[in-house]
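If you want the building blocks of each chain, they are given just below.
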Amino acid sequence: MNEILEKKQLNPTVKMMVINAPLMAKKAKPGQFVIVRVDEKGERIPLTIADYDRNKGTITIIFQEVGMSTKKLGTLNVGDRLHDFVGPLGKPVEFSKDTKRVLAIGGGVGVAPLYPKVKMLNEMKVPVDSIIGGRSAEYVILEDEMKKVSENLYITTDDGTKGRKGFVTDVLKELIEKDNKYDEVIAIGPLIMMKMVCNITKEYNIPTMVSMNPIMIDGTGMCGGCRVTVGGETKFACVDGPAFDGLKVDFDEAMRRQNMYKDMERKVLENYEHECKLGGILNG
Amino acid sequence: MANMSLKKVPMPEQEPDQRNKNFKEVALGYEENMAVEEAERCIQCKNQPCVEGCPVHVKIPEFIKLIANRDFEGAYQKIKETNNLPAICGRVCPQESQCESVCTRGKKGEPVAIGRLERFTADWHMKNNEDKIEKPETNGRKVAVIGSGPAGLSCAGDLAKMGYDTTIFEAFHTPGGVLMYGIPEFRLPKEIVQKEIDSLKKLGVKIETNMVIGKILTIDDLFDMGYEAVFIGTGAGLPKFMNIPGENLNGVYSANEFLTRINLMKAYDFPNSPTPVKVGKKVAVVGGGNVAMDAARSAKRMGAEEVYIVYRRSEEEMPARLEEIHHAKEEGIIFKLLTNPVRIIGDESGSVKGIECVNMVLGDVDESGRRRPVEEKGSEHVIDVDTVIIAIGQSPNPLITSTTEGLEKQRWGGIIVNEETLETSRRGVFAGGDAVTGAATVILAMGAGKKAAASIHKYLSEK
């Protein structure tokens, strides 16, 4: 169990792993997440389930190497085992049977949690237009996968090295203004991107689902660290989410909470990189 | 001839000024002679009120007599007849409201130090004797225990001894429940908990960690997998907040989060352990129970300069163990009693800079039997703090009740059981401990685990 069966580098900072987890693969649904620990001392890292295969008994995770723990995870290879792999956690997403057309928006590594939802809609025969974006060409992930499950796929990059130069929100505005009718928008990516998207969809009164990825420990409702304010009420992202009504989420608070341990995380990362360098020197 | 001293033999402890800077155990335990001297204070009264006062009816006068006769191993075996986890109970039970509260010696002077003697006995055994645990012959019948806290551990232990093929499912990566993530090292060394878990394994109990029942498997799945009965001992893990403005500011923790970061994730060893915790210089802990004391004393040990307990009633109503309140004070925790927070104040970056409180006065007795605190008009004042820890209680986690059809629960989340058998509204499903009662004590949860094991045995024997 928990063995890494496949590993792929999707871009300079994002990796994909397929994990052998038959029991979890039976239960996983779009919108849910897992918690991973790399080693005995490791942090509990929440990661989205990017895909699952019930027949093969596998769960696919996609993660960006940001801090020490995700970098360490990235050093594991095919054949290695994850020390701990817990899930599926969180509420699966649900779509109404009356949904006629959806617009899906993904920014950076946010395309990973977006994909299973679009795939699900595609299986429900609901047409989906998708916009995916990244800093530059190499940061756009899952292009082929998204193309397969979307009716139209639009790509934007900040620097114009792929698709259109600009932001996902530019395309969003255009599509809405060109009179495309969407019953729902799904937006997953950096908090600031989700906030910008919601600012626009709020104007047009389009229901918008976002997925939150706050700091958490247990992922079962026990610590309350993942508090998110939605419509003036406190919710726990791990059990009430991670998907929420984006038009009601307090993104400013979420961004502030996301930065709570920035300085300490930097310290751990510096130590780790220093050790790696030292290890490199000692090992010749 | 009984020792007629009115006072308990004092417990050797680390000096307050030294211990509030480390996580080592505060109370060091009796030496043999101290234990014998204290045991001689027991007058072996005939009516034995202490046994009635103990939720698991430990044969208290009998084990104490064995200590007085220096038969320490015999004393240990006597306790073990009814209590699986004496090393833990001797440390965390609220003896002053249980066995010691009814001790005959307590009518004049201090009661016999039953808790300290229980702890001494368990520690003596651990130090001097190897447990010869023999794996009982299995009857091949599978029982699932959900949760590895005190209720689950004691239920699984008894089931294994009766020959059941018992598996514990634990949501965290480490078994032990609140004994591991909640109660700090300085009050309950994790080594002791680990020993108890190891001895369960020797009895043949299987422990599957990282299994969030309700998510990866439902209770119905467990029956499909051949488990013939299920015990739910999932505790009360859902933290309560106060619903006052500012609770989502950076620097506000639930006690669960704060203690889990420190105990389970070892944030005290940061950056060697990568999980961080922000303690700040001035900390307010809201609440008056053991969890509040644990959080306050942990904050102090993590380097906070000033730590306040903010509690809306008076010290008399505090639910914490007397010893913890006493220890907290000795360690320099400042008690702001009859004080109730109304708002947490943040700075321009969204971090806590203060907590606004009002003074309370005690009014009439309420349904909890305690005098209800009433706000004193115009008494608003701000305490400067940079961290706030909310320790006002926990409720049961709904993960299982929400995924199990036909499992009835109270409006506040507690699972409804038949009080005699601990069977739930679902046949073959039993529950006990905080998941049923709401947040209570380790010993009550253990008692429930034992009771459920006996009921499960009866149920499966008749099935």
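Reading guide: rules and limits
Residues numbered from 1 in each chain as written. Chains lettered and ligands numbered in written order. Predicted model: local features only at pLDDT ≥ 70, side-chain atom pairs only at ≥ 80, totals over all residues. Heavy atoms only, no water. Domains from an automatic or database assignment. Contact = heavy atoms within 4.5 Å. Buried area = accessible area lost by both parts, 1.4 Å probe. Salt bridge = Lys/Arg side-chain N within 4 Å of Asp/Glu carboxyl O. Polar contact = N/O pair within 3.5 Å; in protein donor to acceptor, adjacent residues only side chain to side chain. Helix = DSSP H or I, 4+ residues; strand = E, 2+ residues; numbered from the N terminus. Pairing = 2+ DSSP bridges. Axes fitted to C-alpha atoms, helices over the stretch in contact; angles between N-to-C directions. Disulfide = S-S within 2.5 Å. Nonpolar A, V, L, I, M, F, W, Y, C, P; charged D, E, K, R; others polar.

### Looking at the domain arrangement of chain A
Residues and elements named next belong to chain A. One can read the domain layout of chain A as domain 1 (3-89) and domain 2 (102-211). Taking the mean C-alpha position of each, domain 1 and domain 2 sit 24 Å from one another. Taken together, the contacts link 14 residues of domain 1 with 12 residues of domain 2. Taken together, the two surfaces of domain 1 and domain 2 that pack against each other cover about 1,100 Å², and 67% of this comes from carbon and sulfur. On the domain 1 side of the interface with domain 2, the three residues burying the most area are N11, P30 and I62, jointly 33% of the side's total. A salt bridge links K119 to D51, with the nearest nitrogen and oxygen atoms 3.0 Å apart. The interface formed by domain 1 and domain 2 holds 1 residue pair in polar contact (both at pLDDT 80 or more) in total. Where the side of domain 1 that touches domain 2 is concerned, the elements lending two or more residues are strand 1 (4-11), strand 4 (45-53) and strand 5 (58-64). The element best represented in the side of domain 1 that touches domain 2 is strand 4, accounting for 4 residues.

### Some remarks on the sheet that holds strand 4 of chain A
All names here are of chain A. Spatially, 1-2-5-4-3-6 is the arrangement adopted by the 6 strands of the open sheet, whose pairing is antiparallel. Where the open sheet ends on each side, the last strands, each with one partner, are strand 1 and strand 6 (84-89). Averaged over all pairs of adjacent strands, the angle between strand axes in this sheet comes to 30 degrees, irrespective of strand direction. Two strands pair when backbone bridges link them, and strand 2 (residues 14-20) and strand 5 are joined in this way by 7 bridges, in the antiparallel orientation. Across the sheet, residue K15 finds its bridge partner in strand 5, namely F63. Seen against the sheet, helix 2 (residues 68-75) touches strand 1, strand 2, strand 3 (33-37), strand 4 and strand 5 and runs at an angle of roughly 130 degrees to strand 5. Against the sheet, helix 3 (residues 111-123) contacts strand 4 and strand 5, and its axis sits at roughly 35 degrees relative to strand 4.

### Concerning the state of the cysteines
Enumeration over the complete set of coordinates arrives at 0 disulfides over all chains. Of all cysteine sulfurs in the structure, the one in C226(A) sits closest to C198(A), which takes part in no disulfide; the separation is 19 Å. Here C99(B) is not disulfide-linked; the sulfur of C54(B) is the nearest cysteine sulfur, at 6.4 Å.

### Notes on the interface of chain A and chain B
Counting from both sides, the interface comprises 42 residues of chain A and, opposite them, 43 residues of chain B. Interface area for chain A against chain B, summed over the two sides, is near 3,600 Å², with a carbon-plus-sulfur share of 59%. The three residues of chain A that bury the most area against chain B are M222(A), R227(A) and R256(A), which together make up 18% of that side's buried surface. At the surface where chain A touches chain B, the tally comes to 2 salt bridges. The partner of K278(B) in a salt bridge is D263(A), with the nearest N and O atoms 3.0 Å apart. If you list the elements that add at least two residues to the side of chain A that touches chain B, you get helix 1 (22-27), strand 6, strand 13 (227-230), strand 14 (233-236), helix 8 (251-258) and helix 9 (262-282) of chain A. Broken down by element, the residue count for the side of chain A that touches chain B peaks at 6 residues, all from strand 6 of chain A. Classifying every residue of the side of chain A that touches chain B by side-chain character gives 17 nonpolar, 11 polar and 14 charged.

### Considering the sheet that holds strand 9 (residues 152-157) of chain A
Residues and elements named next belong to chain A. The strand order across the open sheet formed by 7 strands is 10-9-8-7-11-12-15, and the pairing between neighbours is mixed. The sheet is open, and its two edges are formed by strand 10 (164-165) and strand 15 (243-245), each paired on a single side. Here helix 5 (residues 168-177) sits on the sheet and contacts strand 7 (102-107), strand 8 (128-134), strand 9 and strand 10; the angle it forms with strand 8, its principal contact strand, is near 155 degrees. Contacting strand 7, strand 11 (184-188) and strand 12 (208-211), helix 6 (residues 191-204) crosses the sheet at an angle of about 160 degrees to strand 11.

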